[in-house]
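# Topology and contacts: notes
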Amino acid sequence: MSHHTHGHTIHWAWAYDAVIQVMSLGREGRFRRRTLELAELQPGARVLDVGCGTGSLAIAAARQQPTATIHGIDPAPEMIARAQAKATTAGVAPRFEAGIIEHLPYDDGSMDVVTSSIMMHHLPPETLSAGLAEILRVLTPGGRLVVVDFAGAGPLMHRLGALLRGESGHPTRHLDVVRDAVAKQGFTEPMLHPMKPGYLFGLVAQKPGADI
Ligand SMILES: C[S@@+](CC[C@H](N)C(=O)[O-])C[C@H]1O[C@@H](n2cnc3c(N)ncnc32)[C@H](O)[C@@H]1O
């Protein structure tokens, strides 16, 4: 299957974890735990972390809930290789594979929880919509979507790019873009949750259809 995406793929997996340490102000563990709190993983849950990068969240999920089946996908083979190596070292076995949010390689209704951690800002609007439609498809009725991402106008590099292209005016808050896209796609009303560091947001929504 082709893993071509209009999203921004990160290939520098070797340096990625160090960047996350800086971004999380040296408290990545707390950041991951908070994300998992929002996910409310149950024993035996089927979980997908989309845009998993070097696999830190999926590995933390597998440690927290050993009976869960955890999948992680990312278009970058470098990320998948590093995630697999880290999982082996950690002694857990999430299933990491190359893939894109636009075409999730999973059956309809096959996931209880889908997480997306600081990745949706990598997607242009049409890819974001296509990806959310795919998440809705693979979730079971009542299944849970957890998005963590930058609340503001996007990371500094994106802002600089926009400035260099001559784009001006008030930038749209990324948080509003994601919340609107999630609501438009047909999830339940998205609930916002504070995160640390405070420039991130947490969003939880569910696939309607079960007694939720
Ligand atoms: C900033 S990293 C976040 C990694 C990880 N989720 C974390 O919390 O550390 C964003 C990831 O999204 C991936 N990505 C980009 N386009 C994607 C797509 N279309 N589908 C899935 N993942 C994508 C990138 O390759 C990158 O690994």
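Attention in this report is confined to the structure presented alongside it.

About the cut-offs
Residues numbered from 1 in each chain as written. Predicted model: local features only at pLDDT ≥ 70, side-chain atom pairs only at ≥ 80, totals over all residues. Helix = DSSP H or I, 4+ residues; strand = E, 2+ residues; numbered from the N terminus. Contact = placed C-beta atoms within 7 Å. Buried ≥ 20, exposed ≤ 12 C-beta atoms within 10 Å, placed from the backbone. Pairing = 2+ DSSP bridges. Near = placed C-beta within 6 Å. Nonpolar A, V, L, I, M, F, W, Y, C, P; charged D, E, K, R; others polar. Axes fitted to C-alpha atoms, helices over the stretch in contact; angles between N-to-C directions. Core = buried A, V, L, I, M, F, W, Y, C linked by C-beta atoms within 7 Å.

Here we come to the overall build of the chain. Looking only at helices and strands, the chain has seven helices and seven strands in total. Ordered by position in the sequence, the α and β elements of the chain form the string α-α-β-α-β-α-β-β-α-β-α-α-β-β. A separation threshold of at least 6 residues defines the contact pool for the chain, and within that pool the share at least 24 residues apart is 71%.

With that settled, the discussion passes to the pairing of strand 7 (residues 200-206). In terms of residue burial, strand 7 counts as a mostly covered element, since six of its seven residues are buried. Taken together, the seven bridges between strand 5 (residues 139-150) and strand 7 define a ladder with antiparallel strand orientation. Of the residues in strand 7, the one forming a bridge with V147 is L203. Pairing between strand 6 (residues 191-194) and strand 7: four bridges, direction antiparallel.

Here we take up the site of the ligand. Around the ligand lies a shell of 23 residues, among which T5, G7, G51, G53 and S117 are the nearest. Here the residues of the shell around the ligand sort into twelve nonpolar, nine polar and two charged.

Quick look at the sheet that holds strand 2 (residues 69-74) now. One open sheet accounts for seven strands, arranged 3-2-1-4-5-7-6; its pairing is mixed. Unpaired on one side and paired on the other, strand 3 (95-98) and strand 6 mark the two borders of the sheet. For this sheet, the mean angle separating the axes of adjacent strands, direction not counted, is 20°. Lying over the sheet, helix 4 (residues 77-90) contacts strand 2 and strand 3, oriented at roughly 165° with respect to strand 3.

The next thing to look at is the environment of S129. In this fold, S129 is placed in helix 5 (residues 125-138). C-beta crowding within 10 Å serves as the criterion here: with 16 such atoms nearby, S129 is assigned to the partly exposed category. Linking S129 and V178, residues 49 residues apart in sequence, is a C-alpha distance of 9.3 Å. Residue contacts for S129: discarding those within four places in its chain leaves A181 and Q185.

The topology assignment puts G109 in the loop between strand 3 and strand 4 (111-117). As a C-alpha pair, G109 and V138 span 29 residues in sequence and 4.6 Å in three-dimensional space. With residues up to four places along the chain from it excluded, the contact list for G109 reads L139 and T140.

Another point: the nonpolar core. Counting 50 residues, the largest nonpolar core has A58, A61, V114, L145 and V182 as its most contacted members. Ignoring any residue separated from it by four or fewer positions in sequence, one finds V114 in contact with L48, V50, I135, V138, L139 and L145.

Within the secondary structure, Q206 sits in strand 7. A tally of 19 C-beta atoms within 10 Å means that Q206 is categorised as partly exposed. Each C-alpha atom of the pair Q206 and T188 lies 5.3 Å from the other, and the pair is 18 residues apart in sequence.

Time to look at unusual backbone geometry. Here the amide bond leading from K196 into P197 is cis, since omega sits at 0°, within 30 degrees of zero. For P197, the location among the structural elements is in the loop between strand 6 and strand 7. The backbone phi angle of L25 is positive, close to 55°, even though this residue is not glycine. One can find L25 in the loop between helix 1 (13-23) and helix 2 (28-39). In this model, E40 sits at a positive phi of 45°, which is unusual for a non-glycine residue. Mapped onto the elements, E40 comes out in the loop between helix 2 and strand 1 (46-50).

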